[in-house]
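Structural overview
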Amino acid sequence: MTRHHRHFLIHLLVLAVLVLAAPAVRAQLYQNPVNPPTTKEQVPLYQPQEKLVGTVSIPDEKLSVLVQPEGREWREFRSYWLRVVAGTLALGMLALLTLFYLFRGTIPISKGRSGRWVPRFGGFDRFAHWTTAVSFLILAITGLIITFGRPLLIPLIGHEAFTSTAYASTFLHNFFAIPFTLGLILIFVAWVRDNLPEKADLVWLRTLGGVLNKAGEHPEAGRFNAGQKLIFWAVVFGGFALAVSGVLLMLPFSVTGIGGMQILHVLHGLIASLMIAVIIAHIYIGTIGMEGAFDAMGRGVVDENWAKEHHSRWYEEQVLAMRANDGRPMHHRAAE
Ligand code: HEM
C-alpha cells in the first residue's frame, strides 16, 4: 500500500466515523439545545441568566443581542402553557355544555311556536355577523393547528403533510384577519346602541336569564339581553385586541423589540383561548341550545312567541313600530 493509499483510507475512516456519529450528536443537541448536558463533575460552561449584548458595526442594533433569557420563558409558554390553557378552556367549555345539555336539553319556546314571524336581523346585520363568524372560525381552526400541530398532527399525518398544512394555516390565519376586522367594525356600528348597559341587565344577570326556571319565566329584555351584551363586548374588546396584537406580530420589529413581541404573542394566545371558549358557548346557545334562536341569524326573523319570551320589551317596541308603519314590518334601526 502506498503512502497515498494509506492517506486516502485514513480520510475515508474519519469520514465514516463523522457520518455515523452525526445523528447521535444531532439528537443530543436537539433534545437539549439550550443547556448542554451536565454531570456532577461537569460544570456547565455557560448558563447566563442575564441579557447578553455585544456590539455590531451594522445598523441593525437588535442583532447585537446574543442571549435574551426571557426567550426561554416565552418558549415554555409557547410550547407548554399556551397548549394547557387553550386546551383546558375549550375542552372544559365543551364538557360543561355537554353536561348542561344532558341536564336541561334544548330550551324550548314554552308556549310553542306561534307560526307568526317578527323581523329581527336585516341583511346588513346578517352580513356583518356571518363575515365576523366565518372569519373567526377559520382563524380559530388555523390558530389551533398552529398551536397544537406539533404534538397532535405530526403523529397523525406525518411531517410532510404537516408542513403543507402548517404553511396553509399560517397563510389563511394572516389573510382572514382582514374580513374578521372588517366584520368587527360592522357589528360594532350595527349593534353598539342596543348593547349599552341598563338597569334590566342586573335583574337578568341575577336570575341568569331565567335559564334554571323550569316554568319558562324570563326576565324582561330589550333587543339584546345581558348575556348577549356580555358576548357582544367580549367579541368587540377581545376581537380588537386580537386584531391589533396580530397585526403587530405580522410586522415584526415595526413597533416593539423582541421582548414586546413576546408579550404581544402571549396576550394574543391567551385572549384567543378565552374567546374560543366564549364562542363555543355562543354557538351552542344559537343552535341546539335554544329552540327558535337560529332563525334570527339564519333567516332574519323569529317566532313571535320566542320574541315575547326572550326579548319582551324589544317585541313590544317592534309591534308599536309596525303599527306606526301601517302594519308593514319595521326592520331594526341599523337596516333603515
Ligand atoms: C356557527 C357559528 C355561529 C352561530 C350559529 C351563531 C348564531 C347566532 C345567533 C342565532 C345570534 C342571534 C341571537 C339573537 O337573535 O338574539 C347571534 C348573535 C351574535 N353573534 Fe353569533 N353565531 C355564530 C358565530 C359567531 C361568532 C364566531 C361570533 C364572533 C366572533 C359571533 C358573534 C355574535 C354576536 C356579537 C352576536 C350578538 C350578541 C348575541 O346575540 O350574543 N357569532 N349569533
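The rules behind each value
- Residues numbered from 1 in each chain as written.
- Predicted model: local features only at pLDDT ≥ 70, side-chain atom pairs only at ≥ 80, totals over all residues.
- Heavy atoms only, no water.
- Donors = N, O, S within 2.8 Å, 3.2 Å for Na, K, Ca; no water.
- Buried < 20%, exposed > 50% of the residue type's maximum accessible area, 1.4 Å probe, protein only.
- 1 Å grid on protein atoms, 1.4 Å probe; cavity = no way out; pocket = protein on both sides within 12 Å on 5 of 7 lines; lining within 4 Å.
- Points joined across faces, edges and corners; volume = space filled by probe spheres on them.
- Phe/Tyr/Trp six-rings, centres within 6.5 Å; stacked < 30°, edge-to-face > 60°.
- Helix = DSSP H or I, 4+ residues; strand = E, 2+ residues; numbered from the N terminus.
- Axes fitted to C-alpha atoms, helices over the stretch in contact; angles between N-to-C directions.
- Parallel < 35°, antiparallel > 145°, perpendicular 65-115°, else oblique.
- Contact = heavy atoms within 4.5 Å.
- Nonpolar A, V, L, I, M, F, W, Y, C, P; charged D, E, K, R; others polar.
- Near = heavy atom within 4 Å.
- Polar contact = N/O pair within 3.5 Å; in protein donor to acceptor, adjacent residues only side chain to side chain.
- Patch = residues over 30% accessible without salt bridge, like charges linked within 9 Å, V, L, I, M, F, W, Y side chains within 5 Å.
- Areas by Shrake-Rupley, 256 points an atom, 1.4 Å probe, with all protein chains shown as cover.
- Salt bridge = Lys/Arg side-chain N within 4 Å of Asp/Glu carboxyl O.

Protein coordination at the iron atom of the ligand: the donors are H129 (NE2) and H282 (NE2), at 2.0 Å from the metal. For H129, a relative accessible area of 15% puts it in the buried group.

Within this structure, the stated rule accounts for one cavity of 30 Å³ or more. Its boundaries defined by the atoms lining it, the largest cavity holds a volume of some 30 Å³. Around the largest cavity, the lining residues are E198, A200, D201, W204, E220, A221, G222, F224, N225, A226 and R313.

For the rest of this paragraph, the subject is the packing of aromatic side chains. One pass over the full model with this rule turns up 13 aromatic pairs. Centre to centre, the rings of F100 and Y284 are 6.4 Å apart; their planes meet at 80 degrees, and the pair counts as edge-to-face. Taken as a pair, F100 in helix α2 (residues 70–104) and Y284 in helix α7 (residues 258–286) lie far apart in primary sequence, 184 residues in all. A relative accessible area of 21% means that F100 is categorised as partly exposed.

Take the packing of helix α5 (residues 199–206) against helix α6 (residues 226–250) next. Running from amino to carboxyl end, α5 crosses α6 at an angle of 105 degrees, the nearest separation of the two axes being 8 Å. By the angle class used here, α5 and α6 are roughly perpendicular. Along its contact with α5, which presents D201, W204 and L205, the element α6 presents A226, G227, K229 and L230. Within the contact of α5 with α6, the residues separate by chemical class into four nonpolar, one polar and two charged.

Right, let's get into unusual backbone geometry. In this model, L208 sits at a positive phi of 55 degrees, which is unusual for a non-glycine residue. Within the secondary structure, L208 sits in the loop between α5 and α6. Positive phi is not limited to glycine here, since F253 has a value of about 65 degrees. For F253, the location among the structural elements is in the loop between α6 and α7.

With that settled, consider the site of the ligand. Around the ligand lies a shell of 21 residues, among which R120, H129, Q228, H282 and A296 are the nearest. R120 is positioned such that a nitrogen or oxygen atom in its side chain is 2.7 Å from an oxygen atom of the ligand. Contacts to the ligand include H282, whose side-chain N or O atom sits 2.7 Å from a nitrogen atom. For the shell around the ligand, the per-class residue count stands at 16 nonpolar, four polar and one charged.

Among the surface-exposed residues, L99, Y101, L102 and I288 lie close enough to one another that they form a single nonpolar patch of about 440 Å² accessible area. On the secondary structure map, I288 appears in the loop between α7 and α8 (294–298). Judged by its relative accessible area of 46%, I288 falls in the partly exposed class.

Now for the environment of L205. Topologically, L205 is positioned in helix α5. Residues L205 and N225, 20 residues apart in the sequence, show an inter-C-alpha distance of 9.0 Å. Not counting chain neighbours up to four residues away, the residues in contact with L205 comprise A226 and L230.

This part covers the environment of A221. As for its position among the elements, A221 is in the loop between α5 and α6. A residue is classified by how much of its surface remains accessible, and A221, at 3% relative accessible area, is buried. With 12 residues separating them in the primary sequence, A221 and G209 have C-alpha atoms 9.1 Å apart. The residues contacting A221, other than those within four sequence positions of it, are H310, H311, S312, R313 and W314.

All we've got here are geometric facts, nothing functional implied.
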